[in-house]
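# Chain and residue survey
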Amino acid sequence: MPPEPNYSSWFESIANPNERYKIDEVVYTDTEGGLLQVSHDIEALRQSPPEKWRRLFDERSHKTVWPFGSGVWGKKELVLPNISNKNIVSMYEGHTNLFWAERYGRQLGIEDLWIKLCGNTHTGSFKDLGMTVLISMVKEMLDRGRDIPAVACASTGDTSAALAAYAAAANIPAIVFLPRGKISVAQLIQPIANGAIVFALDTDFDGCMEIVKEVADKDGIYLANSMNSLRIEGQKTVAIEIVQQFDWNPPDWIVIPGGNLGNVSALAKGLDILIELGIIEKKPRIVCAQAHNANPLYKAYLRDFEVFEPMAAGTTLASAIQIGNPVSYEKAVDALRRYDGIVEEASEEELVEASVRADRTGLFNCPHTGVALAATEKLVDREIIRPGDRVVIISTAHGLKFVESKVKYHEMRLDNIDSKWANPEISLPADYGLVRDRMLREIDSRFKGNVR
Ligand SMILES: *Cc1c(COP(=O)(O)O)cnc(C)c1O
């Protein structure tokens with residue numbers, strides 16, 4: 001066998017590619033304060049032909065050989081090659097299923113519609129994909145003798161859940177800063193259960209972000225937000241996985257909700273490396289979907305990205321994307337330019353309606369997925385997405401983490417939203433006759449003349 005090429009990766013300034021840092025350095029930004037990215041020795045990776053990569057990734061899928069059975073670490077060479085397998089902290093994240101949304105798609109007039117259920121994972125959101133990489137690297141750095149007292153993040157709820165779980169598994173102290181009262185009960189209980197130090201601050205996400213940057217800067221606490229580009233390396237595997245799930249054929253469209261905009265950047269970065277290695281040729285188009293109440297990227301898009309104005313994010317049921325000053329704005333613009341991108345927005349009513357209607361076809365959507373569904377519906381209506389196109393919508397979290405708004409909808413208690421599809425429970429005495437009458441009436445009214 002020929003010797004394995006020597007793969008390597010490092011941090012690189014986006015603005016100035018000559019500014020580089022070792023992958024085990026504690027560094028988040030370049031000398032100008034701009035974001036870094038992880039870069040790879042593409043020439044070394046190219047020594048293997050595309051067929052070899054495809055075969056290798058397929059062979060590792062769904063096996064238990066440590067750590068390659070993970071959807072992220074199955075692509076270790078493209079993610080973080082220089083880390084010892086014994087330091088990898090993994091819960092076998094990734095490999096989430098693609099749901100063929102046949103019935104919902106038919107309602108929209110498109111047949112080839114798929115929902116990538118990234119919430120079907122350990123902590124219930126795609127954040128696991130990035131956190132396994134970040135915590136593994138922290139463990140590796142500790143192993144190499146670096147002093148890291150704790151790992152911290154600001155969060156709209158899902159990052160903190162992932163951080164707390166992976167840190168607990170690795171026995172590394174975790175600190176989370178949450179905007180008080182702005183996250184769901186499920187999201188709050190996750191870091192509490194996992195033993196993280198949980199701060200609920202009287203501010204919004206952007207305010208928590210300021211605090212975490214300060215403790216990272218002044219107290220040497222390791223920053224776990226997505227401005228840490230290690231997270232992006234894990235999250236980019238979602239693109240690789242989608243393509244792999246279609247036998248290495250890219251879809252026409254990928255629709256993704258965006259808040260801090262790390263994930264849309266990650267999606268593009270995953271596609272980039274597939275193209276660079278010749279694993280795919282066709283480029284899907286990317287749609288980033290924002291809630292109307294927190295839509296700085298959408299507003300910039302309307303002006304061809306010539307001006308960017310951070311905003312104070314208004315309240316949205318899509319609380320994980322209630323962000324007015326996205327850290328990864330520049331990366332996202334770059335990503336959208338490379339993938340002929342579109343930014344679309346959804347009002348509260350639109351995101352709830354889309355999510356609820358899709359639920360009726362067997363899904364169980366979180367509000368952020370609702371934003372992506374609503375954006376897709378608009379693009380289909382405008383005939384930008386065509387009936388024959390293959391479309392993948394990224395569902396970012398499990399609906400069970402966000403039941404509060406769903407409960408309110410079905411109890412018809414959501415402000416300014418008429419709960420057209422409300423399906424409240426029916427309370428009756430335990431009497432056969434009453435139950436039977438009502439049952440038959442319900443079957444009749446709900447399913448008669450319905451297109452199945
Ligand atoms: C974090 C998160 C997002 C947004 O991802 P960004 O990288 O911040 O754009 C969307 N949906 C859910 C459920 C999330 O947890």
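What follows covers the site of the ligand. Among the 14 residues in the neighbourhood of the ligand, the closest are listed as K127, D158, G259, N263 and T396. Here an oxygen atom of the ligand sits 2.8 Å away from a polar atom, N or O, in the main chain of L261. Considered class by class, the residues forming the shell around the ligand number 5 nonpolar, 7 polar and 2 charged.

On to the packing of helix α14 (residues 348-359) against helix α15 (residues 367-381). Packed helix pairs are characterised by how far apart their axes lie and by the angle those axes make with each other. Where α14 contacts α15, the axes come no closer than 7 Å and their chain directions differ by 95°. One element, α14, and the other, α15, form an angle in the roughly perpendicular class. In this structure, α14 contributes E350, L351, A354, S355, R357 and A358 to the contact, and α15 contributes P367, G370, V371, L373, A374, E377 and K378. Residue composition of the contact of α14 with α15, by class: 7 nonpolar, 2 polar and 4 charged.

The residue after W66, namely P67, is reached through a cis peptide bond having omega -10°. Turning to its location among the elements, P67 is positioned in the loop between α2 (50-60) and α3 (76-79). Phi is positive for N171, close to 55°, though the residue is something other than glycine. Along the chain, the position of N171 falls in the loop between α6 (158-170) and β7 (174-179). Classification of N171 as exposed rests on a relative accessible area of 70%. Unusually for a residue other than glycine, D340 sits at a positive phi of about 45°. Looking at where D340 falls in the secondary structure, it is placed in the loop between α13 (329-338) and β12 (342-346).

Before going further, it helps to examine α13. All of the buried residues along α13 are Y329, K331, A332, V333, A335 and L336. On its buried face, α13 sits against β3 (36-40), α9 (229-235), α11 (262-276), β11 (285-291), α12 (296-302) and β12. In the stretch just after α13, D340 is the one whose phi turns positive, near 45°.

What follows deals with a nonpolar patch on the surface. Among the surface-exposed residues, I426, L428, L434, V435, M439, L440, I443 and F447 lie close enough to one another that they form a single nonpolar patch of about 670 Å² accessible area. Residue placement: V435 occurs in helix α17 (residues 432-447).

So, about α14. Between its first and last C-alpha, α14 extends 16 Å over 12 residues, near the 16 Å set by a 1.5 Å rise per residue. Within α14, 10 of the 12 residues are buried, which leaves the element mostly enclosed by the surrounding structure. Of the surrounding secondary structure, the elements contacted by the buried residues of α14 are α4 (102-108), β11, β12, α15 and α16 (403-410).

The next point concerns the environment of A375. Inspection of the secondary structure puts A375 in helix α15. As a C-alpha pair, A375 and Q290 span 85 residues in sequence and 8.4 Å in three-dimensional space. Beyond its immediate sequence surroundings of up to four residues, A375 is in contact with A289 and E344.

Here 5 bridges tie β7 to strand β8 (residues 197-201), and the two strands are oriented parallel to one another. Following the sheet pairing, I175 is matched in β8 by I197. Taken together, β7, helix α7 (residues 185-193) and β8 constitute a β-α-β crossover, and its handedness is right-handed.

This part takes up the pattern of salt bridges. Throughout the structure, instances matching the rule amount to 29 salt bridges. E442 serves as the salt-bridge partner of R438, at 2.9 Å between the closest nitrogen and oxygen. Separated by 4 residues within a single helix, R438 and E442 lie in helix α17, roughly one turn from each other. For R438, a relative accessible area of 26% puts it in the partly exposed group. Judged by its relative accessible area of 18%, E442 is buried. What you see here is one network of salt bridges that share partners, running through E344, E350, K378 and R382.

Definitions and limits used
- Residues numbered from 1 in each chain as written.
- Predicted model: local features only at pLDDT ≥ 70, side-chain atom pairs only at ≥ 80, totals over all residues.
- Heavy atoms only, no water.
- Near = heavy atom within 4 Å.
- Polar contact = N/O pair within 3.5 Å; in protein donor to acceptor, adjacent residues only side chain to side chain.
- Nonpolar A, V, L, I, M, F, W, Y, C, P; charged D, E, K, R; others polar.
- Axes fitted to C-alpha atoms, helices over the stretch in contact; angles between N-to-C directions.
- Helix = DSSP H or I, 4+ residues; strand = E, 2+ residues; numbered from the N terminus.
- Parallel < 35°, antiparallel > 145°, perpendicular 65-115°, else oblique.
- Contact = heavy atoms within 4.5 Å.
- Buried < 20%, exposed > 50% of the residue type's maximum accessible area, 1.4 Å probe, protein only.
- Patch = residues over 30% accessible without salt bridge, like charges linked within 9 Å, V, L, I, M, F, W, Y side chains within 5 Å.
- Areas by Shrake-Rupley, 256 points an atom, 1.4 Å probe, with all protein chains shown as cover.
- Salt bridge = Lys/Arg side-chain N within 4 Å of Asp/Glu carboxyl O.
- Expected span 1.5 Å × (residues − 1).
- Pairing = 2+ DSSP bridges.
- Right-handed = clockwise from strand over helix to strand, strands pointing away.

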